[in-house]
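Structure assessment
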Amino acid sequence: MKVAKFGGSSVADADQIRKVCAIITSDPERRVVVVSAPGRRHPKDTKVTDLLIACAEARIAGVSGREELDGVLARYREIAVALELDPEVMENIETDLRRRLDGPTDDRDRFLDTMKAAGEDNCARLMAAALRAGGAEARYVSPKEAGLVLTEEHGNARVLPESYENLAHLADGEGIAVFPGFFGYSPEGRVVTLPRGGSDITGSILAAAVQADVYENFTDVDCVFVTNPGVVTGARALDELTYREMRELSYAGFGVFHEEALEAVFHAGVPVCIKNTNNPDAPGTRIVHERSCPIGAVSGIAADKGFCQIYVSKYLMNREVGFGRRLLQILEDEEISYEHTPSGIDNISVVLREQEFTEAAEQKIIRRIRDELEVDDVSVERGLALVMIVGESMRRVVGTAAKACQAFADAGVNLEMINQGASEVSMMFGVKADDADEAVRALYGEFFPSAE
Ligand code: ASP
């Protein structure tokens, strides 16, 4: 049995939804389907989720939000009309959206989540109707009734363990279960959303809960590539990746699969297959525990911009018990999560996501570090990128770091930081964001010479 998730571009308009229906009905094993909200139809388009956020924000700001809502309704109507669905389907979607918009706004985050969740919820109703219209047996499944229970962290929720048992029998009924991605309910029954792009996570939770044979994640590319094909033209395709490799690559900017989505399937041992709605016959990329086909030391190269680092130095830091803890405590007090802490004898750097580290937070934190830790020097460097080489085989191969550093040197890329975890599944290099693309091309040329 397969769980199939379809992303925003796969459900962006009626033509895409027709393709999705054909994919689902072509394989009786596809019994659980997860959908995103309609995404962009073309590069300048706006995703339904973003339209809903604009709508909610207008209402919070004291405007009616009706104008923005009309934009959302137009997207669903266009699909429902083109698919010649029963008019009742669109009437129900309209009633649902207007009811949400008229709801209480006193708790901003709760209201925002109620609106955001409408994108997926109504898309699932529409998808179930489209499947039925095509003669298939399909039912919309409410995450509340099915028991997808999440922590009450609006916009950033995590699954609670009881969900797996609650959802285990999802595929038991007749026909296809269509489940909306991206949201669930808190133990108190309030709508909560996962992080953006979180329908991948929903699919993974369901695949783990029903012990699917495979979790198929349908998107708009044939497969995962060794590196961003927008940076390296003709980058090689990947047939297989391990969960750990995919996790690392997603962390460092591979947008094809949400970085948190692997957790559930990894623990349940369900393989993932990334496939293309626009070319479903392409084999896609499989994500598995152990790779069956041999590959060199490096499986993938990723780069993500938008990092910064706080550099702290203090003579005899290595002798000062609790220095690192006190430094990180300051960040915790300011509710800032850090990414990495490469260190020397008398210095330590804390690498952060730039979006978390506002100018106001910077001023306060730097002052506290100076005052409370009595450091010799503290400075902040913005505009960094993390470039990662990832590969399970790296730990068995000698000289990978040397090759990478040589490639950087040849390309004239200055290294700001090097970090390698004990797992040896990845190696991380901090470079100036402006050098990131050059760094990726240099690494690709080094590790995939024949594929250039
Ligand atoms: N629709 C949501 C978003 O745009 C979730 C998703 O597509 O996975 O982030």
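Residues numbered from 1 in each chain as written. Predicted model: local features only at pLDDT ≥ 70, side-chain atom pairs only at ≥ 80, totals over all residues. Heavy atoms only, no water.

**Description of the sheet that holds strand β1 (residues 2-6)**
Sheet strands pair by backbone hydrogen bonding; their relative direction is either parallel or antiparallel. Taken in spatial order, the eight strands make up an open sheet running β3-β4-β2-β1-β7-β11-β12-β10, and their pairing is mixed. Two strands lie at the open edges of the sheet, namely β3 (138-140) and β10 (240-242), each paired on one side alone. Taking each pair of neighbouring strands and ignoring which way they run, the sheet shows an average axis angle of 20°. In the sheet, strand β2 (residues 30-35) pairs with strand β4 (residues 176-180) via four bridges, with the strands oriented parallel. (Pairing = 2+ DSSP bridges. Helix = DSSP H or I, 4+ residues; strand = E, 2+ residues; numbered from the N terminus. Axes fitted to C-alpha atoms, helices over the stretch in contact; angles between N-to-C directions.)

**What to know about the nonpolar core**
Core analysis: the biggest nonpolar cluster contains 79 residues, and Val3, Phe179, Phe257, Val272 and Ile389 have the highest contact counts within it. In terms of residue count, strand β16 (residues 377-390) provides more of this core than any other element does, seven residues in total. Two domains each donate at least three residues to this core, and these are domain 1 (2-288) and domain 2 (300-451). Once residues within four sequence positions are removed from consideration, isoleucine 389 is found in contact with Val298, Gly300, Ile301, Met394, Thr400, Ala404, Val425, Ser426, Met427, Phe429, Leu443 and Phe447. (Core = buried A, V, L, I, M, F, W, Y, C linked by side-chain atoms within 4.5 Å. Buried < 20%, exposed > 50% of the residue type's maximum accessible area, 1.4 Å probe, protein only. Domains from an automatic or database assignment. Contact = heavy atoms within 4.5 Å.)

**Remarks on the packing of aromatic side chains**
For the structure shown, the criterion picks out six aromatic pairs. On the basis of an interplanar angle of 55° and a centroid distance of 6.1 Å, the ring pair of tyrosine 215 and phenylalanine 257 is categorised as tilted. Of this pair, tyrosine 215 sits in strand β7 (residues 214-219) while phenylalanine 257 sits in the loop between α9 (243-251) and α10 (262-268); the two residues are 42 residues apart in sequence, bridging distant segments of the chain. The pair formed by tyrosine 215 and phenylalanine 257 is uniform in burial state, with each residue classed as buried. Ring centres 5.2 Å apart and planes at 25° place the aromatic pair tyrosine 444 and phenylalanine 448 in the stacked group. A cation sits over an aromatic face here: arginine 125 above tyrosine 140, 4.1 Å from the ring centre. Cation over ring: arginine 353 sits above tyrosine 251, and NZ or CZ is 5.0 Å from the ring centre. (Phe/Tyr/Trp six-rings, centres within 6.5 Å; stacked < 30°, edge-to-face > 60°. Lys NZ or Arg CZ within 6 Å of the ring centre and 35° of its normal.)

**A look at the environment of glutamate 446**
Within the fold, glutamate 446 resides in helix α14 (residues 436-447). Under the relative-accessibility criterion, glutamate 446 is labelled partly exposed at 25%. For the pair glutamate 446 and lysine 403, spaced 43 residues apart in sequence, the C-alpha to C-alpha distance is 7.1 Å.

**Points about the pairing of strand β17 (residues 417-420)**
By the bridge criterion, four bridges tie β17 to strand β18 (residues 426-432) in an arrangement that is antiparallel. Bridge pairing in β18 links asparagine 419 to methionine 428. Linkage of β17 to β18, two consecutive antiparallel strands, is achieved through a turn of five residues, within which glutamate 424 is found at a positive phi near 55°.

**Section: the pattern of salt bridges**
Going through the model one piece at a time under the given rule, you end up with 41 salt bridges. As a salt-bridge pair, aspartate 15 and arginine 18 come within 2.7 Å of each other at their nearest N and O atoms. Taken together, the residues span about one helical turn, with aspartate 15 and arginine 18 both in helix α1 (residues 14-25) at a distance of three residues. Owing to a relative accessible area of 47%, aspartate 15 belongs among the partly exposed residues under this scheme. Here arginine 18 falls in the partly exposed class, since its relative accessible area comes to 39%. The partner of arginine 382 in a salt bridge is glutamate 362, with the nearest N and O atoms 2.9 Å apart. Taken together, the positions of arginine 382 in strand β16 and glutamate 362 in helix α12 (residues 359-373) put the pair 20 residues apart, joining distant regions of the chain. Members of the salt-bridge network, linked through shared partners, are Asp96, Arg99, Arg100, Asp121 and Arg125. (Salt bridge = Lys/Arg side-chain N within 4 Å of Asp/Glu carboxyl O.)

**Considering the packing of α1 against helix α5 (residues 108-133)**
For the pair α1 and α5, interaxial distance at closest approach is 10 Å and the crossing angle is 65°. The interaxial crossing formed by α1 with α5 has right-handed handedness. Facing α1, whose interface residues are Ile17, Val20, Cys21, Ile24 and Thr25, α5 presents Leu126, Met127, Ala130 and Leu131. Taken together, the residues of the contact of α1 with α5 break down into eight nonpolar, one polar and no charged. (Left-handed = near helix turned anticlockwise from the far one by under 90°. Nonpolar A, V, L, I, M, F, W, Y, C, P; charged D, E, K, R; others polar.)

**Describing α5**
Its 26 residues place the ends of α5 38 Å apart at the C-alpha level, agreeing with the 38 Å of an ideal helix rising 1.5 Å per residue. Taking the largest bend as the criterion, α5 deviates by roughly 30°, centred on alanine 118. Just downstream of α5, glycine 135 is the residue with a positive phi angle, here 95°. (Expected span 1.5 Å × (residues − 1). Bend = angle between axes of the 7 residues up to and from the residue.)

**Quick look at the domain arrangement of the chain**
Each domain of the chain was delimited in the assignment, giving domain 1 (2-288) and domain 2 (300-451). Contacts between the two partners involve 18 residues from domain 1 and, on the opposite side, 26 residues from domain 2. For the pair domain 1 and domain 2, the interface holds one salt bridge. The residue glutamate 392 makes a salt bridge to arginine 244 at a minimum N-O spacing of 2.8 Å. It is α9 that contributes the most residues to the side of domain 1 that touches domain 2, five residues altogether.

**Here's the deal with the sheet that holds β16**
Taken together, the six strands give an open sheet; going across it, the order is β14-β15-β13-β16-β18-β17, and neighbouring strands pair in antiparallel fashion. Two strands in the sheet have a free side with no partner beyond their single neighbour: β14 (338-340) and β17. This sheet shows a mean twist of 40° between the axes of neighbouring strands, independent of strand direction. In the sheet, β14 pairs with strand β15 (residues 347-353) via two bridges, with the strands oriented antiparallel. Across the sheet, residue tyrosine 338 finds its bridge partner in β15, namely leucine 352.

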